[in-house]
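# Descriptive structure summary
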Amino acid sequence: MMSLLYRALTHRPDKQLLKQFKPPAVPGVHGGKTQLIDPSHYHRYCDMTHWQQGDRLHPCYLQMLSLPLQMRCLAHPRSPFPLFGLVHRKNEIIQQSGIRLSKPVTLRTGFSAITPHRRGWDILMYTTATQQERECYRAEATYLVRVKAPHVGDSVEPSAPRHEPPFKPSAQAHENAEEAEAAERWQNIASFSAPADAGRRYARISEDANPIHLSAFTAKLFGFPKAIAHGMWTLAMAVSYAETDKADHSTDISCEFKRPLFLPGNADLKISRGGGITDFLLENTANGEPLIKGAVISGETGSVKN
């Protein structure tokens, strides 16, 4: 973990490439490793994410294991991107049934695309996992690097003209009715606390020692008033409570990270189920602000013997 932190601190990205009109070329940098899942490490992860161990591997675990590989790609000399200051915006995860804890897993990760964002560039990084010559896992994480490029700000929507009302009364009434209907379909199913040391504890498991997660002092060095919880930890917590069936089946997860959860803090989870899809919304207990919004799709039940 300390070696990755050192590489992050000493990496010197090419900022000029990030300030051009065209997106920087996708670095041809990839990383991989083959390993057995350490039962004690997985137990610690499940304990911290409130996942009751069953036949199914936690859908966020392999993505967490790939993080050191992602960091090595970002810290590669051919990578023009900084490691610190990246904003984790989205995550897509597809986990197949039948992953066996007793068999080695081969992880591969790398850059898949660079796309413009109104505040800079979105970096898309893929992760795949193969077990017994079968791809059993695929994920894509989207990170925003904020930079003053020529396109930044172009997609900001203009405000409504002052001489026209922003909406008609009938339209507003319709919107209010839709919001009330939407509110009724959400169910509060769980609340959890994120203690002040949650960032340090998760860092020891994930090897993500980003200073913004470790303490208020180190977070302030990067412009945050307090330390913030790891996004993948809050997502894993949401999935643990939203997915009550721990039998083995395929799982698709899609989410957007809206705001950080400052430490210490508390969060409330709301869900809405229908048609095999569980929509979820994680909110800050203190002010009701959305932290993560996403959906989980559960597939057919399989059989696993570990």
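## A few points about a nonpolar patch on the surface
On the surface, F217, L221 and F222 cluster together into a nonpolar patch covering about 350 Å² of accessible area. With respect to the helices and strands, the residue F217 is situated in helix 8 (residues 216–220). Given a relative accessible area of 62%, F217 falls into the exposed group.

## Let's talk about the side chain of Q131
Structurally, Q131 can be placed in strand 4 (residues 120–131). A polar atom in the side chain of Q131 sits 2.7 Å from the backbone oxygen of R100. One polar contact links the side chain of Q131 to the main-chain carbonyl oxygen of K103, over a distance of 3.1 Å. Ignoring sequence-local partners within four residues, the contact set of Q131 consists of G98, I99, R100, K103, P104, V105 and C136.

## Examining the packing of aromatic side chains
One pass over the full model with this rule turns up five aromatic pairs. Measuring from ring centre to ring centre gives 4.9 Å for Y42 and Y61, while their planes differ by 75°; the resulting arrangement is edge-to-face. Highlighted residues: Y42 in helix 3 (residues 39–49) and Y61 in helix 4 (residues 61–65), separated in sequence by 19 residues. Each member of the pair, Y42 as well as Y61, is classed as buried. Within the aromatic cluster, the residues linked to one another by ring pairs are Y42, Y45 and Y61.

## Concerning the nonpolar core
If you look at the biggest cluster of nonpolar residues, it comprises 51 residues, and the most contacted ones within it are Y45, C60, Y61, L62, L235 and F280. Here the element with the most residues in this core is helix 9 (residues 231–242); it accounts for eight residues. The contacts of Y61, once residues within four sequence positions are left out, are I37, D38, H41, Y42 and Y45. By size, the runner-up hydrophobic cluster in this structure holds 18 residues, among which are L74, A75, F81 and I114.

## Structural notes on the side chain of S66
By the element assignment, S66 lies in the loop between helix 4 and helix 5 (67–74). Take S66: its relative accessible area is 0%, and that puts it in the buried class. In terms of polar contacts, S66 uses its side chain to reach the side chain of T127, at 3.2 Å. Setting aside its immediate chain neighbours within four residues, S66 contacts L107, T109 and T127.

## Regarding helix 9
Across its 12 residues, helix 9 extends 16 Å between first and last C-alpha, which sits within 8% of the 16 Å expected from 1.5 Å per residue. Most of helix 9 is tucked away: 10 of the 12 residues are buried. Buried residues of helix 9: M232, W233, T234, L235, A236, M237, A238, V239, S240 and A242, and no others.

## Looking at unusual backbone geometry
Here the amide bond leading from L263 into P264 is cis, since omega sits at -10°, within 30 degrees of zero. Even without glycine at this site, H50 takes up a positive phi of about 60°. Note on placement: H50 falls in the loop between helix 3 and helix 4. Looking at H50, the relative accessible area reads 40%, which means it is partly exposed. The backbone phi angle of E133 is positive, close to 65°, even though this residue is not glycine.

Cut-off values and rules
Residues numbered from 1 in each chain as written. Predicted model: local features only at pLDDT ≥ 70, side-chain atom pairs only at ≥ 80, totals over all residues. Heavy atoms only, no water. Patch = residues over 30% accessible without salt bridge, like charges linked within 9 Å, V, L, I, M, F, W, Y side chains within 5 Å. Areas by Shrake-Rupley, 256 points an atom, 1.4 Å probe, with all protein chains shown as cover. Salt bridge = Lys/Arg side-chain N within 4 Å of Asp/Glu carboxyl O. Helix = DSSP H or I, 4+ residues; strand = E, 2+ residues; numbered from the N terminus. Buried < 20%, exposed > 50% of the residue type's maximum accessible area, 1.4 Å probe, protein only. Polar contact = N/O pair within 3.5 Å; in protein donor to acceptor, adjacent residues only side chain to side chain. Contact = heavy atoms within 4.5 Å. Phe/Tyr/Trp six-rings, centres within 6.5 Å; stacked < 30°, edge-to-face > 60°. Core = buried A, V, L, I, M, F, W, Y, C linked by side-chain atoms within 4.5 Å. Expected span 1.5 Å × (residues − 1).

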